[in-house]
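So the chains spell out like this:
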Amino acid sequence: MYVAGPSSLTSIKSCLDEGMEPTCFESSDDIGGLWRFKEHPDPGRVNIYQSVIINSSKEMMSYSDFPPPAHLPNNMHHPQLLSYLRLYAQTFDLFNVRQRPDFPVSGQEIQVFDAVMVCTGHFTQPHLPLNDFPGIEEFEGRYFHSWEYLSAEGLQGKRVVVVGIGNSGGGIAVDASRVAEQVYLSTRKGAWVVSRVGAGGLPGDLVGTSRLDRLVQKLFPSWITMMMEKKLNRTFDHRLYGLQPKHRFFAQIPVVNDDLLGRIISGRVLVKPNIREIKGSSVVWMLWCLPLATTMTFLPSGLLTNGGHCLCLYRHVFPPGLARPSLAVVGFICNLGAINPLAEMQARWATQVFKGLLTLPSQEAMLQAVKRDTSTLQNRFACLERHPLQVDHIPYMDSMAEELGVRPNLLGLLLREPGVGLRVLLGPCTPYQYRLRGPGQWDGARQAILTQWERVAQPFRTRMPPQPESRTRASSSLILTLSVTVLLLTTFYTRHSLSSLPTGLLYKIYSLPEIIWELKPRLKPTQQYMCTGGSCTDH
């Protein structure tokens, strides 16, 4: 394994779970990968800036058998995420990172292994297309890539241009605007902007991300896309703010930012089009927040080449050209959500293949599958330069889980354990769902699902306002009614198709998860739980 970041940690655990003996190669002296912020970054290593907060909520980015401690905030600052990774490594006794005594001199260690898992992450080198900006050679200010940005220190009173409106561009523009004289945010294509905070103040990625939501989206993609864009434009008009993109919402990962709109409406950030030429500029600083480049120079030349911006990897994991499946790439993927659950599923699948418990198709079949996936990418998603390995979260997870034998049996759950089944169908698709059955089954998975909203609510309980008049009786009746509706819907779907239902009824069905989650704050919990480290205990 290479690099002791989130993907590598779960790969190590997957190897240990299968009785293998993993060895991890890490060029630094600690775990965490990208999420270990350093005031003085190592040369050639990507770093994050001081104010970074994760876009995904803790329940959605957790490992499937390790729920986050309840006290952690839902969207963690990077030191808190690093503490979660450390707790994960300590709980499962993954390793203590150490370097060879001669590593700073030799920089190498030669060993022979039966299989290799590459966990270097998405991008490792800055990409500065200076040729696209005529006049840059005459620019008298300072310019650099966002991976060199640590904080707004030194930008006081400066005029700053941020080039690119991805998540880094939006975040750095906000951060710099707190001290700079003026920040200009330059974007070629615009972007959809979403908040971390969703309906009712809940984490945004916990609402509207259920299996039922995904089902309705699959059946009515244009309608759901239109509804989502209308919802976003009701919050703020993207065209009015100069952010309206050409692509539809689900065609590209949106910008997740809670503060950008406030900085734009106050004039601290001015949205501008793409820079055509740099000539006589009064700007002092330019920050390029553009995609990083992919480098895997340690692999055989041409092994992973697929042309364009994609890699030739079966299911984004295995190169088809090897005589034996002894090389897996883990975590080299992106989606509208957290990477950790995807990387964990890939690692669980890859270790089963390494052991011979699962068999890959023929080379020809794998190449055909790669070709189909590439075609889907090109037709489904925009801007492959930025997100060359984008997938749909639930379908991708389910496809691998099906082969592993860990995909949740929805109908069986609804019949045998309706409390769990309803949460699996209507609730957020949290990673614990993939530990309910099959290889790697975890006894705490059910309790983790049943108590996930308690862990969401716990960080908010810093001040307890007076409880409103109890509505448990009415709420229970409504939930019972919804439960019967969902069971009938599931039975109907197994025999027919949702496309025959009226649009008005479909809208009500699509709104069921939000209705149920809006009831949550009104239901006084009778018991609190702490689920962490593979167990759930009273708290």
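A quick note: this is a predicted structure, and the numbers were derived from the prediction, not measured.

(A) Representation of the overall build of the protein chain. Secondary structure summary: the protein chain contains 18 helices and 13 strands in total. Within the span of the protein chain, comprising 539 residues, buried residues form 48% of the whole. Sequence separation of 24 or more characterises 73% of the internal contacts of the protein chain that already satisfy a separation of 6 or more. Per element, the accessible surface of the protein chain, about 26100 Å² overall, is 52% carbon and sulfur.

(B) Main features of the pattern of salt bridges. Counted according to the given criterion, the structure contains 19 salt bridges. The partner of R159 in a salt bridge is E181, with the nearest N and O atoms 3.4 Å apart. Taken together, the residues R159 in strand β3 (residues 159-163) and E181 in the loop between α5 (167-177) and β4 (182-186) connect sequence positions 22 residues apart. Bridged by salt links that share partners, the residues K13, D17, D65, E344 and R435 form one connected network.

(C) Just the nonpolar core, in detail. Judged by nonpolar contacts, the single largest core of 48 residues is most densely connected at L9, Y84, Y149, V160, V162 and V183. Elements with a contribution of two residues or more to this core: α1 (6-17), α3 (78-91), β3, α5, β4, α8 (260-265) and β8 (285-288). Take this core: its biggest share by element is five residues, from α3. Sequence-distant contacts of Y149, that is, excluding residues within four places in its chain, are made with I48, Y49, F144, L155, I172, D175, A176 and L287. In this structure, L313, L327, L404 and V406 belong to the second largest nonpolar core, which totals 39 residues.

(D) Quick peek at the sheet that holds β4. Strand order in the open sheet formed by five strands is β2-β8-β3-β4-β7, and the pairing between neighbours is parallel. On the outer flanks of this sheet lie β2 (142-145) and β7 (269-272), each paired with one strand and no other. Each neighbouring strand pair of the sheet contributes to a mean axis angle of 20°, computed without reference to strand direction. In the packing of α5 onto the sheet, contacts are made with β3, β4, β7 and β8, and the angle to β4 comes to roughly 170°.

(E) Representation of the packing of α1 against helix α9 (residues 340-354) within the structure. Look at α1 against α9: their axes get within 9 Å of each other, and the N-to-C directions meet at 35°. Viewed along their axes, α1 and α9 form a crossing whose handedness is right-handed. In this structure, α1 uses P6, S7, T10, S11, S14 and C15 to contact α9, whose residues at the interface are N340, A343, E344, A347, R348 and T351. Each residue belonging to the contact of α1 with α9 can be placed in one class, and the counts come to four nonpolar, six polar and two charged.

(F) Broad picture of the packing of aromatic side chains. Per the counting criterion, the structure on display carries 15 aromatic pairs. Geometrically, the ring pair formed by F66 and Y84 is tilted, given 5.4 Å between the ring centres and 50° between the ring planes. Residue F66 is found in the loop between α2 (58-61) and α3, and its partner Y84 is found in helix α3; the two are separated by 18 residues along the sequence. Residues F66 and Y84 agree in their burial class; the two are buried. Among the aromatic residues, those joined into a ring-pair cluster are Y63, F66, Y84, Y88 and F92. Note that K13 overlies the ring of F92, its terminal NZ or CZ placed 4.6 Å from the centroid. Over the ring of F144 we find R142; its NZ or CZ atom is 4.3 Å from the centre of that ring.

(G) Up close: α3. Here α3 is 14 residues long and its end C-alpha atoms lie 20 Å apart, about the 20 Å a rise of 1.5 Å per residue gives. If you follow the buried residues of α3, they end up packed against α1 and α2. Trailing α3 by a residue or two, D93 shows a phi angle of about 50°, which is positive.

(H) Spotlight on the state of the cysteines. On inspection of all chains with the given rule, the structure shows zero disulfides. In this structure C119 is not part of a disulfide, and its nearest cysteine sulfur, from C24, lies 7.5 Å away.

(I) Spatial organisation of the pairing of β8. Of the two faces of β8, the one carrying W285 and L287 and the one carrying M286 and W288 are both buried. In terms of strand pairing, β2 meets β8 through four bridges, oriented parallel. Counterpart to H145 in the pairing with β8 is W288. Where β3 and β8 come together, four bridges link them in parallel fashion. Bridge pairing in β8 links V162 to L287.

(J) View of the side chain of S14. As for its position among the elements, S14 is in helix α1. By relative accessible area, which is 6% here, S14 ends up buried. With sequence-adjacent residues up to four places away left out, S14 is seen in contact with E344, A347, R348 and T351.

Conventions we followed
- Residues numbered from 1 in each chain as written.
- Predicted model: local features only at pLDDT ≥ 70, side-chain atom pairs only at ≥ 80, totals over all residues.
- Heavy atoms only, no water.
- Helix = DSSP H or I, 4+ residues; strand = E, 2+ residues; numbered from the N terminus.
- Buried < 20%, exposed > 50% of the residue type's maximum accessible area, 1.4 Å probe, protein only.
- Contact = heavy atoms within 4.5 Å.
- Areas by Shrake-Rupley, 256 points an atom, 1.4 Å probe, with all protein chains shown as cover.
- Salt bridge = Lys/Arg side-chain N within 4 Å of Asp/Glu carboxyl O.
- Core = buried A, V, L, I, M, F, W, Y, C linked by side-chain atoms within 4.5 Å.
- Pairing = 2+ DSSP bridges.
- Axes fitted to C-alpha atoms, helices over the stretch in contact; angles between N-to-C directions.
- Left-handed = near helix turned anticlockwise from the far one by under 90°.
- Nonpolar A, V, L, I, M, F, W, Y, C, P; charged D, E, K, R; others polar.
- Phe/Tyr/Trp six-rings, centres within 6.5 Å; stacked < 30°, edge-to-face > 60°.
- Lys NZ or Arg CZ within 6 Å of the ring centre and 35° of its normal.
- Expected span 1.5 Å × (residues − 1).
- Disulfide = S-S within 2.5 Å.

Note that all results are geometric; they support no functional claim without further evidence.
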